[in-house]
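Residue-level structural notes
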Amino acid sequence: AGKMLEPREYAEWIHNEVFLPVIVVIGTDAAKAHARECHGLSLAELLAPFGGQYQKLSVTYQVLEKRVQVGNFRVRFADAESSSQWSAVHAEQVGAWMVESSAGPNMSRDARTALTPPSPWYEQWRLSMFRSLRWSEHEGLDQPAAALLVASSKDPDPVLLLEQLLHSSHMPPLCTQGVLDPVPARAAVLLHDLADPASPSPAELADKLERLKARFQPHPVLALQINRGGPEVLREVQDLFRPHVAARGAPPPPPMPAE
């Protein structure tokens, strides 16, 4: 049988994977296309290391009259367009696809061998099962703690585009239906690719950033510069991206059934 999680491992799984505050990522078409074409990643996948998985985050919050500090705070980024619950049929199809995809051509089909830890197929099934339960009406774990609005620095008028993304209609369905809060805290990000010759100059980037800050006060406005290059490869960061990058060559999962 599969190995049971030790109490410490179970606590880490609960706090580091299940009960993570959600930050919804809403991007312009240009920003989403650039992340997908250049890196094979969605915006949420591109931002994953900034959620405390690489560098630890320290936050302080208020509970009644007591201030509480968390020294190893983590969040989960979620793409707004995929933040809805799967149907039972779709969940079953994706689960079967993930299990079959994790089984190599030489993998034993013997039941006892297949259940001997580590079992890649079980890990994939577990991931698909918990993903199928997210964004359901009966739970509140996916209440967005914040919404991150992302525009490309190449967008001619990022101020106008980000103003459009502020509308609550861009939030996940449970937010627009009133089940979850449709207006969480907001922050804006300009995605700037240093390796793209079409990207604006540093002076143009600074100008766009200042115009955004003037428009979006008091919300935070930041520039995220990617593809800096350099001689050092941060292997621990590569490991964070590996599951997403490895899926590039895999066949696509079953499509969402037509309603």
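In short, a report on the structure.

The rules we used
Residues numbered from 1 in each chain as written. Predicted model: local features only at pLDDT ≥ 70, side-chain atom pairs only at ≥ 80, totals over all residues. Heavy atoms only, no water. 1 Å grid on protein atoms, 1.4 Å probe; cavity = no way out; pocket = protein on both sides within 12 Å on 5 of 7 lines; lining within 4 Å. Points joined across faces, edges and corners; volume = space filled by probe spheres on them. Helix = DSSP H or I, 4+ residues; strand = E, 2+ residues; numbered from the N terminus. Nonpolar A, V, L, I, M, F, W, Y, C, P; charged D, E, K, R; others polar. Phe/Tyr/Trp six-rings, centres within 6.5 Å; stacked < 30°, edge-to-face > 60°. Lys NZ or Arg CZ within 6 Å of the ring centre and 35° of its normal. Pairing = 2+ DSSP bridges. Axes fitted to C-alpha atoms, helices over the stretch in contact; angles between N-to-C directions. Contact = heavy atoms within 4.5 Å. Salt bridge = Lys/Arg side-chain N within 4 Å of Asp/Glu carboxyl O. Buried < 20%, exposed > 50% of the residue type's maximum accessible area, 1.4 Å probe, protein only.

**Brief notes about empty space enclosed by the protein**
- Going through the model one piece at a time under the given rule, you end up with 1 cavity of 30 Å³ or more.
- Space inside the largest cavity adds up to approximately 40 Å³.
- For the largest cavity, the full set of lining residues is Ala31, His34, Ser152, Ser153, Lys154, Leu191, Asp193, Asp196 and Ser199.
- Looking at the lining of the largest cavity, the elements that each hand over two or more residues are helix H2 (29-39) and strand E6 (185-193).
- Partitioned by chemical class, the residues of the lining of the largest cavity number 2 nonpolar, 4 polar and 3 charged.

**Structural notes on the packing of aromatic side chains**
- This structure, assessed with the given rule, holds 0 aromatic pairs.
- Its guanidinium or amino end placed over the ring of Phe216, Arg215 lies 5.5 Å from that ring's centre, counting from NZ or CZ.

**A look at the sheet that holds strand E4 (residues 76-79)**
- One open sheet holds the 5 strands; their spatial order is E4-E1-E5-E6-E7, and the pairing between them is parallel. The open sheet terminates on both sides in strands that have one partner only, identified here as E4 and strand E7 (221-226). Taking each pair of neighbouring strands and ignoring which way they run, the sheet shows an average axis angle of 30 degrees.
- Here strand E5 (residues 144-152) pairs with E6 via 7 bridges, running parallel. Counterpart to Leu149 in the pairing with E6 is Ala188.
- Each of strand E1 (22-27), E5, E6 and E7 touches H2; the most contacted strand, E5, lies at about 80 degrees to it.

**With respect to the pattern of salt bridges**
- All told, the structure shown has 4 salt bridges when counted by the stated rule.
- The shortest N-O distance in the salt bridge between Arg76 and Asp142 comes to 2.7 Å. Of the two residues, Arg76 is situated in strand E4 and Asp142 in the loop between helix H6 (120-133) and E5; the sequence distance between them amounts to 66 residues. Both residues of the pair, Arg76 and Asp142, count as buried.
- Close ionic contact of Arg215 with Glu163 constitutes a salt bridge, the shortest N to O distance being 2.2 Å. Of the two residues, Arg215 sits in helix H9 (residues 202-216) while Glu163 sits in helix H7 (residues 158-165), which places them 52 residues apart along the sequence.
- Residue Glu163 is classed as partly exposed on the basis of its relative accessible area of 29%.

Keep in mind these values describe shape, not function.
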